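Structural features, examined
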Amino acid sequence: MIVKRIELNHFRNYELLKLDLDEKTNILYGNNAQGKTNVLESVYVCSTTKSHRTNRDAELINLDSDEAHIKLLIEKNQREHRIDIHLRRNKTKGIAINGIPIKKASELFGVFNVVIFSPEDLDIIKKGPAERRKFMDMELCQLDKIYVYNLTNYNRIIAQRNKLLKDIYFQPELKQTLEVWDSQLAEYGAKIIERRSKFIQEINQIMKPIHKKLTGGVEDIDIIYYKNCNKEDLLKKLEENREKDIRYKATSVGPHKDDILFFNGDKNIRVYGSQGQQRTIALSLKLAEIELVKMIINDMPVLLLDDVLSELDSDRQNHLLKNLDNIQTIITCTGLDEFIENRFQINKIFKVVKGSVQEKNVEK
């Protein structure tokens with residue numbers, strides 16, 4: 001799976017951009033705030049329907065325009081496919097695959113797989129549980145259409161149940177209708193918990209040897225899926241916490257409260273690990289994510305590295321760069337020193353200056 005061409009129109013700081021990529025390593029370099037990450041962001045949107053930087057589509061549109069377009073030409077299973085995203089202010093985005101509009105944004109999941117690694121991901125271990133749930137959900141949504149369906153329904157029911165909890169304060173007689181929502185919530189929630197459990201088992205098996213190699217055999221990492229509630233007990237817990245939920249006007253149990261914990265032996269790395277340990281785990285996690293995607297879709301995802309090399313020491317840089325064979329990679333950075341020092345194979349180089357991208361010659 002590769003990206004052959006990116007076309008942007010009024011996306012972020014790009015008035016117009018057409019970029020033909022190499023099937024292996026592509027580097028976009030330049031000073032900060034020039035638009036390097038915006039290119040990666042456009043690719044990510046074409047895989048997941050969402051930005052990894054903002055929840056508001058309007059922020060993706062150039063300030064001087066009311067709409068923006070992203071066009072991505074990809075090659076998958078030796079066939080070309082085109083993904084079109086049409087962003088409009090205060091309106092739902094339009095998405096088309098091979099010129100055919102899709103009714104639901106979620107239909108895009110699985111068409112084109114990416115793994116993104118950014119400086120923010122280096123903090124995934126020490127950030128709050130929401131970031132780790134997002135990691136699970138975004139990867140599973142790319143890999144499993146049924147998970148997308150269950151998660152969409154679960155989130156819809158949570159929103160409706162929480163609205164009802166607020167309404168009960170003014171209309172106590174509505175309390176009896178909670179039972180209907182609880183039953184549906186438990187049904188979809190149990191399926192989410194089951195699929196997340198399998199996902200963590202799979203990623204754990206792949207990550208353990210990667211991390212052991214990365215740490216010279218010193219650390220033996222285990223990922224623990226910390227469930228807010230077991231799937232068998234979800235309906236019972238919802239009933240038991242009903243009065244509490246009414247009092248606080250929010251649903252207190254369910255997979256929307258789950259977390260992932262990382263242990264080295266009996267040591268919780270989020271609490272007791274050094275920054276170096278936390279960053280090594282984040283790197284191992286991303287490398288494991290690539291392998292899991294490859295295993296499930298029988299193809300390589302596209303790897304997006306957003307200015308992450310400058311955040312890693314030389315050993316971690318070397319390990320990451322050595323694992324980029326046979327995978328198309330789009331890398332942003334401020335300079336090329338890391339690649340020169342590591343004698344890393346570069347296939348295409350682009351210099352980015354104020355929303356303008358110019359291809360440079362690659363020195364052999």
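Details of the structure are given in the entry above.
Attention in this report is confined to the structure presented alongside it.

Definitions and cut-offs
- Residues numbered from 1 in each chain as written.
- Predicted model: local features only at pLDDT ≥ 70, side-chain atom pairs only at ≥ 80, totals over all residues.
- Heavy atoms only, no water.
- 1 Å grid on protein atoms, 1.4 Å probe; cavity = no way out; pocket = protein on both sides within 12 Å on 5 of 7 lines; lining within 4 Å.
- Points joined across faces, edges and corners; volume = space filled by probe spheres on them.
- Helix = DSSP H or I, 4+ residues; strand = E, 2+ residues; numbered from the N terminus.
- Nonpolar A, V, L, I, M, F, W, Y, C, P; charged D, E, K, R; others polar.
- Core = buried A, V, L, I, M, F, W, Y, C linked by side-chain atoms within 4.5 Å.
- Buried < 20%, exposed > 50% of the residue type's maximum accessible area, 1.4 Å probe, protein only.
- Pairing = 2+ DSSP bridges.
- Axes fitted to C-alpha atoms, helices over the stretch in contact; angles between N-to-C directions.
- Contact = heavy atoms within 4.5 Å.
- Lys, Arg positive; Asp, Glu negative; His and termini not counted.
- Salt bridge = Lys/Arg side-chain N within 4 Å of Asp/Glu carboxyl O.
- Polar contact = N/O pair within 3.5 Å; in protein donor to acceptor, adjacent residues only side chain to side chain.

1. Structural notes on the layout of surface pockets
Empty space within the largest pocket amounts to approximately 540 Å³. What lines the largest pocket is a set of 23 residues, and nearest its centre among them are K50, D137, M138, L151 and N155. Elements with a minimum of two residues in the lining of the largest pocket: α2 (129-143), α3 (145-170) and α4 (178-214). Here the residues of the lining of the largest pocket are counted per class, giving ten nonpolar, seven polar and six charged. As a volume, the second largest pocket reaches approximately 390 Å³. If you go around the second largest pocket, you meet 19 residues; those closest to its centre are Y44, H52, I116, D121 and K134. Put simply, the parts of the chain that give the lining of the second largest pocket at least two residues each are β8 (114-117), α2 and α8 (275-297). If one sorts the elements of the lining of the second largest pocket by residue count, α2 sits on top with six residues. In terms of residue class, the lining of the second largest pocket is made up of seven nonpolar, three polar and nine charged.

2. Focus on the nonpolar core
One finds F112, L320 and F339 to be the most contacted residues of the largest nonpolar core, which totals 108 residues. Take this core: its biggest share by element is twelve residues, from α4. L164, L165, L178 and I246 belong to the second largest nonpolar core, which has five residues in total.

3. Let's talk about the sheet that holds strand β15 (residues 356-360)
Strand order across the open sheet formed by six strands is β8-β12-β13-β3-β14-β15, with mixed pairing between neighbours. Because the sheet does not close on itself, it has two edges, and the strands there are β8 and β15. In this sheet, adjacent strand axes meet at a mean angle of 20° when their direction is disregarded. Alignment of strand β14 (residues 348-353) against β15, held across five bridges, turns out to be antiparallel. Paired with V353 across the strands is S356, a residue of β15. Packed onto the sheet, α8 meets β8 and β12 (302-306) and runs at close to 175° relative to β8.

4. What to know about the side chain of K76
With respect to the element layout, K76 can be found in strand β4 (residues 67-76). Despite its burial, K76 remains without a salt bridge, the nearest opposite charge being carried by D299 at 6.9 Å. Within the structure, K76 has its side chain in polar contact with the backbone oxygen of V111 (distance 2.9 Å). Discounting residues that sit within four places of it in the chain, K76 has contacts with M1, H81, G110 and V111.

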